[in-house]
Amino acid sequence: GAGVSQSPSNKVTEKGKDVELRCDPISGHTALYWYRQSLGQGLEFLIYFQGNSAPDKSGLPSDRFSAERTGGSVSTLTIQRTQQEDSAVYLCASSLVRSNTGELFFGEGSRLTVL
Amino acid sequence: GIQVEQSPPDLILQEGANSTLRCNFSDSVNNLQWFHQNPWGQLINLFYIPSGTKQNGRLSATTVATERYSLLYISSSQTTDSGVYFCAAVTGTASKLTFGTGTRLQVTL
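Here the structure is a predicted model, which is why all the values come from computation and not from measurement.

**Q** Give me the lowdown on the environment of threonine 80 of chain B, citing residues and values where you can.
**A** Take threonine 80 of chain B: it is sitting in the loop between strand S8 (69–74) and strand S9 (83–90). Taking the C-alpha atoms as reference points, threonine 80 of chain B and asparagine 38 of chain B, 42 residues apart in sequence, are found 8.4 Å from one another.

What follows is the structure in structure tokens.
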């Protein structure tokens, strides 16, 4: 696609429910990143994919968070048993270059509200 | 990991004024980007600039890698320039861009 596409754009859920957030990167981009931005804060790294493998998962805040990528394209971030502190905007980015020198392009984000 | 610091944290300008935003980083970088986050939350790429100088319209940026800083210049500011400006950098073999805390810019009429 022309840009990074994320869905849903908004998600309201009840505490304890599971949620899935989807990212469709720019066509041909091999690197994919998930970040999180809490209200009024900077961006916090979650996980990095190169192809379908995730060499860096160091930013996932707990074992309730997981992510996968299939076909070297679409990625899904899953949050199990959501908590109120999970409320944030979840941003996905992709990059053409395999190394860390590539320019990142971000989607519009998925805003998650946990009641 | 790398530390990225931005200044000033907040800036209020009258339309037409010029400004300079600064980004300091704690280590040598092989990737540095400037982004503008608009009031709707969208992150817009401004510059990919691990070194050197680039210009795009009223915006320009300079990175002095040896002295570990980057500057973003905004000239003749407009109300549409309002938002948060983020600097982000990668060092060594790290896989991720580390973001600074941003500069919140408000341009008034």
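**Q** Kindly report on the sheet that holds strand S7 (residues 65–69) of chain A, identifying the contributing residues and their values.
**A** Residue and element names in this part refer to chain A. Spatially, four strands are ordered S1-S3-S8-S7 in an open sheet, and the strand pairing comes out antiparallel. With partners counted over all chains shown, the strands left at the sheet margins are strand S1 (5–7) and S7, one partner each. Taken over all neighbouring pairs, the strand axes of this sheet differ in orientation by 15° on average, direction set aside. When S7 meets strand S8 (residues 75–79), the two strands line up antiparallel, connected through five bridges.

**Q** So what's going on with the pairing of strand S11 (residues 110–114) of chain A? Which residues, and what values?
**A** Residues and elements named next belong to chain A. The alternating pattern of S11 places Ser110, Leu112 and Val114 on a buried face, while none of Arg111 and Thr113, on the opposite face, is buried. Judged from the four bridges that link them, strand S2 (residues 10–13) and S11 form a sheet pairing that is parallel. Paired with asparagine 10 across the bridge in S11 is arginine 111. Across three bridges, strand S9 (residues 88–95) lies against S11 in antiparallel orientation. Bridging from a neighbouring strand, alanine 88 pairs with leucine 112 of S11.

**Q** So what about the pairing of strand S4 (residues 31–37) of chain B? Which residues, and what values?
**A** All names here are of chain B. With respect to burial, S4 is a largely interior element, seven of its seven residues being buried. Of the two faces of S4, the one lined by Asn31, Gln33, Phe35 and Gln37 and the one lined by Leu32, Trp34 and His36 are each fully buried. Relative to S9, S4 runs antiparallel, the two sharing seven bridges. Bridge assignment links glutamine 37 to a residue of S9, and that residue is valine 84. With five bridges joining them, S4 and strand S5 (residues 43–48) adopt antiparallel strand pairing. The residue bridging glutamine 33 from the neighbouring strand is tyrosine 48, located in S5. Taking the residues that link successive antiparallel strands as the turn, the S4-S5 hairpin has five residues, and the phi of glycine 41 there is positive, at about 90°.

**Q** How would you explain the environment of glycine 109 of chain A if you had to name every residue and give the values?
**A** All names here are of chain A. On the secondary structure map, glycine 109 appears in the loop between strand S10 (105–106) and S11. Accessibility expressed as a relative area gives 7% for glycine 109, which makes it buried. In sequence terms glycine 109 and cysteine 23 are 86 residues apart; their C-alpha atoms lie 8.9 Å from each other. With residues up to four places along the chain from it excluded, the contact list for glycine 109 reads Gln6, Pro8, Ser9, Val89, Tyr90 and Leu91.

Cut-offs applied
Residues numbered from 1 in each chain as written. Chains lettered and ligands numbered in written order. Predicted model: local features only at pLDDT ≥ 70, side-chain atom pairs only at ≥ 80, totals over all residues. Heavy atoms only, no water. Helix = DSSP H or I, 4+ residues; strand = E, 2+ residues; numbered from the N terminus. Pairing = 2+ DSSP bridges. Axes fitted to C-alpha atoms, helices over the stretch in contact; angles between N-to-C directions. Buried < 20%, exposed > 50% of the residue type's maximum accessible area, 1.4 Å probe, protein only. Contact = heavy atoms within 4.5 Å.

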